[in-house]
Amino acid sequence: DKNTDNKWQDWFMGRTASNTDASLSISGGAAQTTFLLSGSYYRENTVQSERDFFRRGNAHINLNHRSLNDRFGLSANAFYTANDSRLTNISGLAIAATPNYPIYKSDGSYNWATTNYIAQATAYNTTNVGNLNTNIILDYGLFDGLTIKASLGYNKIDDDYTSILPSTYFNPAFQKTGSTLFSK
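Residues numbered from 1 in each chain as written. Predicted model: local features only at pLDDT ≥ 70, side-chain atom pairs only at ≥ 80, totals over all residues. Heavy atoms only, no water.

K.L.:
Could you give me a rundown of the overall build of the chain, with the residues and numbers involved?
P.N.:
What the chain contains, in helices and strands, is two helices and seven strands. Helices and strands in the chain line up, N terminus first, as α-β-β-β-β-α-β-β-β. In terms of overall size, the chain is more extended than a compact globule, its C-alpha atoms giving a radius of gyration of 27 Å where 184 residues would be expected to give roughly 16 Å. Across the 184 residues of the chain, 22% fall into the buried class. With the model as given, the accessible surface of the chain reaches about 12000 Å², and the carbon-plus-sulfur share is 56%. (Helix = DSSP H or I, 4+ residues; strand = E, 2+ residues; numbered from the N terminus. Rg over C-alpha atoms; globule rule 2.2 N^0.38 Å. Buried < 20%, exposed > 50% of the residue type's maximum accessible area, 1.4 Å probe, protein only. Areas by Shrake-Rupley, 256 points an atom, 1.4 Å probe, with all protein chains shown as cover.)

Below, the structure written as structure tokens:
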């Protein structure tokens, strides 16, 4: 239909993006012991799809202590960060597509006379990353000029990636099944 205008820019970039950014920190202590607790949260979505997002959360704990005679010291830190996201696979060529290209056939299925960008926008990727980093330092003064010190740490990173290409992503004349890729 030559009078149809699919408004591709509205389909693919016509939404309003928003974000949330919040943080909280508490600290305190006394002469020998201090502490810090903090955390933050961030979330944003995209102009492309209401289902697409990026999210991040952080937590931090810190504790420092010195003995009354100042011979013993302890410093402990722990950080944790988690990110997750979901993004639709959208081709940059989609916004330049013919405005009157029929998205669907009369039976309701996707029209595959040429590339169907709406069908291909059913594909998406998810990523989840977690990072834990801890450290503890212990020191003890045996006598003036001689202190023994131990520093121990631990770090763990988890990364999960998934790419979903449902059967609707493909032209059924060439491929009838979807595919999924998992990565750790």
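Structure's up, so let's keep going.
K.L.:
Can you explain the nonpolar core? Please cite residues and give values.
P.N.:
Grouped together as the largest cluster of nonpolar side chains are eight residues: Trp8, Phe12, Ala97, Tyr101, Ile103, Tyr117, Ile118 and Ala121. In this structure isoleucine 103 touches Asn6, Trp8, Trp11, Ser109, Tyr110, Asn111, Asn116 and Ile118, once residues within four positions along its chain are discounted. (Core = buried A, V, L, I, M, F, W, Y, C linked by side-chain atoms within 4.5 Å. Contact = heavy atoms within 4.5 Å.)

K.L.:
Hey, could you go over the sheet that holds strand S3 (residues 53–66) for me, with residue numbers and the actual values?
P.N.:
Strand order across the open sheet formed by seven strands is S1-S2-S3-S4-S5-S6-S7, with antiparallel pairing between neighbours. Where the open sheet ends on each side, the last strands, each with one partner, are strand S1 (19–29) and strand S7 (179–183). On average, each strand axis in the sheet is tilted by 5° relative to the strand beside it, whichever way the strands run. (Pairing = 2+ DSSP bridges. Axes fitted to C-alpha atoms, helices over the stretch in contact; angles between N-to-C directions.)

K.L.:
With reference to specific residues and values, describe the pattern of salt bridges.
P.N.:
Inspection of the entire model under this criterion finds five salt bridges. A salt bridge links arginine 66 to aspartate 70, with the shortest nitrogen-to-oxygen separation between them at 2.9 Å. Judged by its relative accessible area of 30%, arginine 66 is partly exposed. Note that arginine 66 is salt-bridged to aspartate 139, the shortest N-O span being 2.9 Å. Taken together, the positions of arginine 66 in strand S3 and aspartate 139 in strand S5 (residues 124–143) put the pair 73 residues apart, joining distant regions of the chain. One network of salt bridges, in which partners are shared, links Arg66, Asp70 and Asp139. (Salt bridge = Lys/Arg side-chain N within 4 Å of Asp/Glu carboxyl O.)

K.L.:
Lay out the side chain of asparagine 116 with the relevant residues and their values.
P.N.:
If you trace the backbone, asparagine 116 turns up in the loop between strand S4 (72–88) and helix H2 (117–120). The residues contacting asparagine 116, other than those within four sequence positions of it, are Tyr101, Ile103, Tyr110 and Asn111.

K.L.:
Run through the environment of aspartate 158, naming residues and quoting values.
P.N.:
With respect to the secondary-structure elements, aspartate 158 resides in strand S6 (residues 146–165). Taking the C-alpha atoms as reference points, aspartate 158 and valine 129, separated by 29 residues in sequence, lie 5.5 Å from one another. In contact with aspartate 158, other than residues within four places in its own chain, are Asn128, Val129 and Gly130.

K.L.:
Run through the packing of aromatic side chains, naming residues and quoting values.
P.N.:
Following the criterion strictly, the structure yields three aromatic pairs and no others. A centroid spacing of 5.3 Å and a plane angle of 25° characterise the contact between tyrosine 104 and tyrosine 110, whose relative ring orientation is stacked. Residues tyrosine 169 and phenylalanine 170 carry aromatic rings whose centres are separated by 5.0 Å and whose planes lie at 85° to one another, so their mutual orientation is edge-to-face. Judged by relative accessible area, phenylalanine 170 falls into the buried class, the value being 16%. Positioned above the aromatic ring of tyrosine 124 is the side chain of arginine 86, whose terminal nitrogen or guanidinium carbon lies 3.8 Å from the ring centre. (Phe/Tyr/Trp six-rings, centres within 6.5 Å; stacked < 30°, edge-to-face > 60°. Lys NZ or Arg CZ within 6 Å of the ring centre and 35° of its normal.)

K.L.:
For unusual backbone geometry, give the residues involved together with the corresponding values.
P.N.:
Trans is the common state for peptide bonds, and a negative phi is the common state for residues other than glycine. Unlike most non-glycine residues, aspartate 70 shows phi in positive territory, near 65°. You can see aspartate 70 is positioned in the loop between S3 and S4.

K.L.:
Explain the pairing of S1 residue by residue, including any values.
P.N.:
Among the 11 residues in S1, zero count as buried, and that is only a small part of the element. For S1 and strand S2 (residues 33–45), the ladder comprises 11 bridges, and the chain directions are antiparallel. Paired with threonine 20 across the two strands is arginine 43, which belongs to S2. Taking the residues that link successive antiparallel strands as the turn, the S1-S2 hairpin has three residues.

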